[in-house]
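If you want the building blocks of each chain, they are given just below.
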Amino acid sequence: MQKFESIQPWLSTPKPSFLSIQKRWLMRQGPLTQALRELGTLKLRVLAEYAAGVGRDEAHCLKTVAPSPIWVREVVMSIDGMQVVAARSVTPLRASHGVWQGMRRLRSRPLADILYDDAAISRSNFEVARLNKQTALFRTVQSAQADASQGKHQHLALLARRSVFWRQETPLLVAECFLPAFWSLCQKPTA
């Protein structure tokens, strides 16, 4: 079992130094996969699904203590063959067999398929950050890029957001990292 002792500075609003396009995407409401499909052909690949112990940073969001057992789902999304977003979703292990059991059956479907059609689900406000190397989400990004021809990018370019979905008072933390290739893609003029 890996331990992640994050001292990640998550913020309620993007820093003033972020570009306006970065701020728009980091704070964009609604299903991210739907917005990504507007940029090209979207494919989702599951990197891993597993049980683990939660680190302090994620424990705070889940309103639990480290190293409580959690269920983890890590994916990478590509547009037209280019990796653009890496995502990590976690919920208490018990919830992955109960309230959030649907996340175990998604396979290559996006998590949005179970999040946006249920009026009983609410979502917290976003938190945003430049990822540091100690976060679990940073390790997800490394895993996504390990076999990619795009190579590894500087971590300073890794902008991320996270929010917590709640159903029956049970949390599901979703953290999404926009990879550097994403910013190049979304700035290209559309035909």
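Residues numbered from 1 in each chain as written. Predicted model: local features only at pLDDT ≥ 70, side-chain atom pairs only at ≥ 80, totals over all residues. Heavy atoms only, no water.

(A) Quick look at the overall build of the protein chain. Scanning the protein chain for helices and strands turns up six helices and seven strands. Of the regular secondary structure in the protein chain, the N- to C-terminal order runs α-α-β-α-β-β-α-β-β-α-β-β-α. Each of the 191 residues in the protein chain was classed as buried or not, and the buried ones make up 50%. Pairs at least 24 residues apart make up 68% of the contacts formed inside the protein chain by residues separated by at least 6 positions. (Helix = DSSP H or I, 4+ residues; strand = E, 2+ residues; numbered from the N terminus. Buried < 20%, exposed > 50% of the residue type's maximum accessible area, 1.4 Å probe, protein only. Contact = heavy atoms within 4.5 Å.)

(B) Broad picture of the pairing of strand S7 (residues 170-178). Most of S7 is tucked away: nine of the nine residues are buried. Of the two faces of S7, both are covered, the one formed by Thr170, Leu172, Val174, Glu176 and Phe178 as well as the one formed by Pro171, Leu173, Ala175 and Cys177. Pairing of strand S3 (residues 82-92) with S7 involves six bridges; the strand directions are antiparallel. The partner of valine 85 across the bridge, within S7, is phenylalanine 178. Connecting strand S6 (residues 159-167) to the next strand, S7, in antiparallel fashion are two residues, including glutamine 168 with a positive phi near 50°. (Pairing = 2+ DSSP bridges.)

(C) Representation of the pattern of salt bridges in the model. Under the criterion given, the structure shown has eight salt bridges. Where arginine 73 meets glutamate 49, a salt bridge forms, and the shortest distance between an N and an O atom there is 3.7 Å. You can see arginine 73 sitting in strand S2 (residues 69-79) and its partner glutamate 49 sitting in strand S1 (residues 42-53), a full 24 residues away along the chain. Given the relative accessible area of 3%, arginine 73 is considered buried. Between arginine 162 and aspartate 57 there is a salt bridge whose closest N-O contact spans 3.0 Å. One end of the pair, arginine 162, is in strand S6; the other, aspartate 57, is in helix H3 (residues 56-62), with 105 residues separating them in the sequence. A relative accessible area of 4% means that arginine 162 is categorised as buried. Judged by its relative accessible area of 15%, aspartate 57 is buried. Through salt bridges with shared partners, a single ionic network connects Asp57, Glu127 and Arg162. (Salt bridge = Lys/Arg side-chain N within 4 Å of Asp/Glu carboxyl O.)

(D) Representation of the pairing of S2. For S2, the tally of buried residues reaches ten of eleven residues, placing the bulk of the element in the interior. Two elements, S2 and S3, share ten bridges in a ladder whose sense is antiparallel. Considered in S3, the bridge of valine 76 is made with alanine 86. Following S2, the chain reverses through two residues before pairing antiparallel with S3; aspartate 80 in that reversal takes a positive phi of roughly 50°.

(E) Expanded view of the nonpolar core. In terms of nonpolar packing, the biggest core is built from 22 residues, with Trp25, Leu36, Met77, Val85, Phe178, Phe182 and Trp183 touching the most fellow members. Mapped onto this core, the elements with two or more residues apiece are helix H1 (20-26), helix H2 (32-37), S1, S2, S3 and helix H6 (180-186). With four residues, H6 is the single largest residue contributor to this core. The next biggest cluster of nonpolar side chains, apart from the first, holds 14 residues, and it includes Leu137, Phe138, Ala144 and Ala160. (Core = buried A, V, L, I, M, F, W, Y, C linked by side-chain atoms within 4.5 Å.)

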